[in-house]
Structure formats: structure tokens, C-alpha cells
Amino acid sequence: MIQMNEVYKKYPNGIMAANGFDVKIQSGEFVYVVGPSGAGKSTFIKMMYREEKPTKGTIMVNGIDIAKLKRKRVPYLRRNIGVVFQDFKLLNKLSVYENIAFALEVIEEQPKVIRQRVMEVLDLVGLKHKARMMPDELSGGEQQRVSIARSIVNSPKVVIADEPTGNLDPETSWEIMNLFEEINSRGTTIIMATHNREIVNTIRHRVIAIENGVIVRDEQRGDYGYES
Ligand code: ADP
Ligand code: ADP
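The notes below deal with the structure included here.

Thresholds, definitions, all that
- Residues numbered from 1 in each chain as written.
- Chains lettered and ligands numbered in written order.
- Predicted model: local features only at pLDDT ≥ 70, side-chain atom pairs only at ≥ 80, totals over all residues.
- Heavy atoms only, no water.
- Axes fitted to C-alpha atoms, helices over the stretch in contact; angles between N-to-C directions.
- Helix = DSSP H or I, 4+ residues; strand = E, 2+ residues; numbered from the N terminus.
- Parallel < 35°, antiparallel > 145°, perpendicular 65-115°, else oblique.
- Left-handed = near helix turned anticlockwise from the far one by under 90°.
- Contact = heavy atoms within 4.5 Å.
- Nonpolar A, V, L, I, M, F, W, Y, C, P; charged D, E, K, R; others polar.
- Buried < 20%, exposed > 50% of the residue type's maximum accessible area, 1.4 Å probe, protein only.
- Salt bridge = Lys/Arg side-chain N within 4 Å of Asp/Glu carboxyl O.
- Near = heavy atom within 4 Å.
- Polar contact = N/O pair within 3.5 Å; in protein donor to acceptor, adjacent residues only side chain to side chain.
- Areas by Shrake-Rupley, 256 points an atom, 1.4 Å probe, with all protein chains shown as cover.
- Pairing = 2+ DSSP bridges.
- Core = buried A, V, L, I, M, F, W, Y, C linked by side-chain atoms within 4.5 Å.

1. Considerations on the packing of helix 3 (residues 96-105) against helix 4 (residues 111-124)
In a pair of packed helices, the angle between the axes and the distance between the axes together describe the arrangement.
Here comes step 1: Two numbers describe how helix 3 lies on helix 4: the axes approach to 10 Å, and their chain directions differ by 125°. Judged by the angle between their axes, helix 3 and helix 4 are oblique. When you trace helix 3 past helix 4, the crossing you get is right-handed. Together, Val96, Tyr97, Ile100, Ala101, Leu104 and Glu105 of helix 3 and Ile114, Arg115, Arg117, Val118, Met119, Val121 and Leu122 of helix 4 make up the contact between the two elements.
Here comes step 2: Among the residues forming the contact of helix 3 with helix 4, the class breakdown is 10 nonpolar, no polar and three charged.

2. Description of unusual backbone geometry
In terms of backbone geometry, most residues other than glycine have negative phi values and most peptide bonds are trans.
Here comes step 1: The backbone phi angle of Glu163 is positive, close to 50°, even though this residue is not glycine.
Here comes step 2: Along the chain, the position of Glu163 falls in the loop between strand 7 (158-162) and helix 6 (170-185).
Here comes step 3: For Glu163, a relative accessible area of 16% corresponds to the buried category.
Here comes step 4: Positive phi values are uncommon outside glycine, yet Arg221 reaches one of about 45°.
Here comes step 5: You can see Arg221 is positioned in the segment after strand 10 (214-219).

3. Thoughts on the pattern of salt bridges
Here comes step 1: By the definition in use, this model includes 12 salt bridges.
Here comes step 2: When the shortest N-O distance is used, the salt bridge between Arg217 and Asp223 registers 3.5 Å.
Here comes step 3: Members of the salt-bridge network, linked through shared partners, are Glu29, Arg206 and Asp218.

4. Notes on the site of ligand 1
Here comes step 1: In the vicinity of ligand 1, the contacting residues are Tyr11, Asn13, Ile15, Ala17, Pro36, Ser37, Gly38, Ala39, Gly40, Lys41, Ser42 and Thr43.
Here comes step 2: At 2.6 Å, a side-chain N or O of Thr43 approaches an oxygen atom of ligand 1.
Here comes step 3: Protein chains bury 65% of the 550 Å² of accessible surface belonging to ligand 1 in isolation.
Here comes step 4: Considering every element that reaches the shell around ligand 1, the biggest residue donor is helix 1 (residues 41-48), with three residues.
Here comes step 5: Of the residues that constitute the shell around ligand 1, the class distribution is five nonpolar, six polar and one charged.

5. Let's talk about the pairing of strand 2 (residues 16-25)
Here comes step 1: One ladder, built from seven bridges, connects strand 1 (residues 2-10) with strand 2; its direction is antiparallel. Residue Val7 lies in a different strand from strand 2, and its bridge partner there is Phe21.
Here comes step 2: Between strand 1 and strand 2, which pair antiparallel and follow one another directly, the connecting turn spans five residues, one of which, Gly14, has a positive phi of 95°.

6. What about the nonpolar core?
Here comes step 1: One finds Tyr32, Val34, Ile100, Leu122, Ile148, Phe180 and Met192 to be the most contacted residues of the largest nonpolar core, which totals 41 residues.
Here comes step 2: When neighbours within four sequence positions are excluded, Tyr32 is seen to be in contact with Met177, Met192, Thr194, Ile199, Val200, Ile203, His205, Arg206, Val207 and Ile208.

7. Thoughts on the side chain of Thr43
Here comes step 1: Take Thr43: it is sitting in helix 1.
Here comes step 2: Excluding its chain neighbours within four sequence positions, the residues that come into contact with Thr43 are Lys9, Tyr11 and Ala17.

8. Thoughts on the sheet that holds strand 1
Here comes step 1: Sheet architecture is open: four strands sit in the order 2-1-4-5, paired in antiparallel fashion. Strands at the two margins of the open sheet, each flanked by one partner only, are strand 2 and strand 5 (64-65).
Here comes step 2: As paired elements, strand 1 and strand 4 (residues 56-61) share five bridges and run antiparallel to each other. Residue pairing in the sheet places Met4 in a bridge with Ile59 of strand 4.
Here comes step 3: This element, helix 1, spans strand 1, strand 2 and strand 4 of the sheet and lies at about 120° to strand 1.

9. Structural notes on the site of ligand 2
Here comes step 1: Taken together, Arg50, Glu51, Lys53, Leu69, Lys70, Arg71 and Arg78 make up the full set of residues near ligand 2.
Here comes step 2: Between ligand 2 and Arg50 there is a distance of 2.8 Å, counted from an oxygen atom to a side-chain nitrogen or oxygen.
Here comes step 3: Lys53 places a side-chain nitrogen or oxygen 2.5 Å from an oxygen atom of ligand 2.
Here comes step 4: If ligand 2 stood free it would expose 550 Å²; the protein chains cover 48% of that surface.
Here comes step 5: Broken down by class, the residue content of the shell around ligand 2 amounts to one nonpolar, no polar and six charged.

Structure follows, in C-alpha cells:
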């Protein structure tokens, strides 16, 4: 479902953050992306949802080469990909409910369908009772649950997460991981950049390790492989 061929990325400052990525990720997989800071993990995943455009190469997502995708088509791509960030990126002036409904309102979904779907995903993340609250009234873990609910409300085939537990304490991190496990078990592909050694070594999945813009290791049920 996602396939990179000979993908290179050179930033305007001359840094080569991708030095020939070649990788194939199948539908339904759960993939961890690990490696030292500055290795190119964010660049790798940002190219999958066209937050960054590769300098060279092809990136097929659901049969479309998104490296060649016209800029005006990018919003359509984003509807089929959920994204979760380390710092949640919720809209602070909107309620929990509105943050999640937003994605469906822009595609002009029927109000009845929106209500039903938002409550469904809020239920899945265990926050139905906090639908009316504002993001700053929630703990970090709860805010991350809201952002996960937002990422799946469109029923995307893939969810991409960039260090989703990076700002959370260990116990909350495990709860968030259980949610991703649940979403993956329902058939959604998960691609997650992480520095969480304990999680990677406990909930085993495919591990792609990146160093200096190169995939140096790609193992099914791999381990974290770094000291910290
Ligand atoms: P990681 O996510 O593994 O920490 P990144 O993909 O963020 O790595 O960064 C890879 C390299 O590209 C680093 O040297 C970083 O400084 C550089 N880089 C990242 N984003 C940009 C940017 N927008 N402009 C210039 N250089 C960047
Ligand atoms: P088009 O194919 O419609 O002509 P491009 O996708 O080639 O448009 O992008 C045109 C310009 O916008 C380029 O300079 C590119 O770097 C920049 N760009 C493309 N995608 C993004 C994005 N997601 N965010 C910010 N700038 C972008």
C-alpha cells in the first residue's frame, strides 16, 4: 500500500535527509521507525503524507505516486491518511468534539453522520464523557487520545504517528500504545516513529531503523537496537 523507490530528499540548506529509501509496507502492517535524532525518521514519514516532497524517486500510496501529486490534490491524499503528532496539534479554541468533527465538516458529511461517527471514535478512545471539554482542560494523555480519534474519524487505511508518546509518562504511553494496537487490529496500517525502547521491545512489530538517511535495518518482529 506504501512503496518508496529510490527516494532522495535534499533540504534547501543542502542537508540530505533521505539517501535512497526503498521500502514496501503492506496493508495492515504495524511498523516502528527507529534511529538516532537527525537520522531522517521524520523526513521519511513526512514524505508519506506529502508534508515534504522528495527531491527524487517515487512514493506510491494506494496506487498514486504522491511525489508527483499536484499540490491541489494533497488534501484528498490527507483524507486517506491519519496523522498523529508528539505535541497533539489540537485546535485550542475548539472543543474535543469540534476538533474531531472538523475533518468531517470539511468534506461536507451529513450532520447526522458526523455526530454518530464522532461519538463512535470518542467511545473507542474512552472520552465520550469529555466531548464538550476544551483541549487545555485535558491531560496530555487525554489530548493524545483526542488526536488519535481525529486521525481515524475519516476511516483512513493508514495512520502515521511521529513520536506519539514522546511527551507522555510511561504509564500513559502504554495506554496510548494499546489504542494503536486496537486500531491496527481493526485493519488500519500503523507507521510510528518512536524513541521508546521499552515499547518497541515489548509490543513486537516490524522495525525499520534509519541512520543518516538510509534504512540500515528492516526486521519483522525486530527490536529497538539502540542503548537509549
Ligand atoms: P529525525 O526525525 O530522525 O530526528 P529528521 O528527518 O527530522 O530526523 O531530520 C533529518 C535531517 O534533516 C537532520 O539533519 C535535520 O536537521 C534535517 N532537516 C529536517 N527538516 C529540515 C528542514 N525543514 N530544513 C532543513 N533541514 C532539515
Ligand atoms: P504543483 O505540482 O501543483 O505545481 P507542487 O506540488 O510541485 O505543485 O508544489 C509547488 C511548490 O509548493 C513547490 O515549491 C513545493 O516545494 C511547495 N510545496 C509542495 N507541497 C508542499 C507542502 N505540503 N507544504 C509546503 N510547500 C509545499
